[in-house]
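# Coordinate analysis (summary)
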Amino acid sequence: MTSCSDNTENYYISITNNYFEPLYDIQIGNIQFDFLLVNQTSTIKLIDKGYYEFSCVTESNLLLTAKIDLKGSVDKVRLVVDESGRLSK
């Protein structure tokens, strides 16, 4: 997932859990997020422009991973783990 231009150096990022069970051990690069219950959104964290690995573990012990490329002029990014376990923004 990418944005259009390369104007922003930092992003305010949050994660929303629309998966059907809680998510644990949520990480983007080396940034750790608290666990998320179903339909819960994380606190906002500041992250630098760049390429990151997203990962989390579901309550049933399924590992979800994705690659994220943060660049562009939008400085607020909300990532959503959908009901099928896919990450989108």
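Residues numbered from 1 in each chain as written. Predicted model: local features only at pLDDT ≥ 70, side-chain atom pairs only at ≥ 80, totals over all residues. Heavy atoms only, no water.

Attention shifts here to the sheet that holds strand E1 (residues 10–17). Within a sheet, each strand pairs with its neighbour through backbone hydrogen bonds, oriented either parallel or antiparallel. Across the sheet, which stays open at both edges, the 4 strands sit in the order E4-E1-E7-E8 with mixed pairing between neighbours. The sheet is open, and its two borders are formed by strand E4 (45–48) and strand E8 (87–88), each paired with just one other strand. (Pairing = 2+ DSSP bridges. Helix = DSSP H or I, 4+ residues; strand = E, 2+ residues; numbered from the N terminus.)

Turning our eyes to something else, we now look at the nonpolar core. Ranked by internal contacts, the top residues of the largest apolar core, which has 22 residues, are Ile15, Ile28 and Phe54. For this core, the secondary-structure elements that each account for two or more residues are E1, strand E2 (23–28), strand E3 (31–33), strand E5 (50–58), strand E6 (63–70) and strand E7 (76–81). Element by element, the count of residues in this core is highest for E6, at 4 residues. The contacts of Ile15, once residues within four sequence positions are left out, are Ile26, Ile28, Phe33, Leu36, Gln40, Thr41, Ser42, Phe54, Leu79 and Val81. (Core = buried A, V, L, I, M, F, W, Y, C linked by side-chain atoms within 4.5 Å. Buried < 20%, exposed > 50% of the residue type's maximum accessible area, 1.4 Å probe, protein only. Contact = heavy atoms within 4.5 Å.)

In this section: the sheet that holds E3. As summarised here, the arrangement of the 4 strands in space is E3-E2-E5-E6, forming an open sheet in which the pairing is antiparallel. Strands with a single pairing partner mark the edges of an open sheet, and in this sheet they are E3 and E6. Neighbour-to-neighbour, the strand axes of this sheet turn through a mean angle of 20 degrees, independent of strand direction. As paired elements, E2 and E3 share 3 bridges and run antiparallel to each other. Bridging from a neighbouring strand, Gln27 pairs with Gln32 of E3. (Axes fitted to C-alpha atoms, helices over the stretch in contact; angles between N-to-C directions.)

This brings us to a nonpolar patch on the surface. A surface patch of nonpolar side chains, amounting to about 330 Å² of accessible area, comprises Tyr12, Ile44 and Leu46. On the secondary structure map, Leu46 appears in strand E4. (Patch = residues over 30% accessible without salt bridge, like charges linked within 9 Å, V, L, I, M, F, W, Y side chains within 5 Å. Areas by Shrake-Rupley, 256 points an atom, 1.4 Å probe, with all protein chains shown as cover. Salt bridge = Lys/Arg side-chain N within 4 Å of Asp/Glu carboxyl O.)

The subject of this paragraph is the pattern of salt bridges. Scanning the entire structure with this criterion turns up 3 salt bridges. The shortest N-O distance in the salt bridge between Glu9 and Lys49 comes to 3.4 Å. Here Lys49 lies in the loop between E4 and E5 and Glu9 lies in the segment before E1, a separation of 40 residues in the sequence. Judged by its relative accessible area of 48%, Glu9 is partly exposed. A salt bridge links Lys71 to Asp69; the nearest nitrogen and oxygen atoms lie 3.7 Å apart. Judged by its relative accessible area of 23%, Asp69 is partly exposed.

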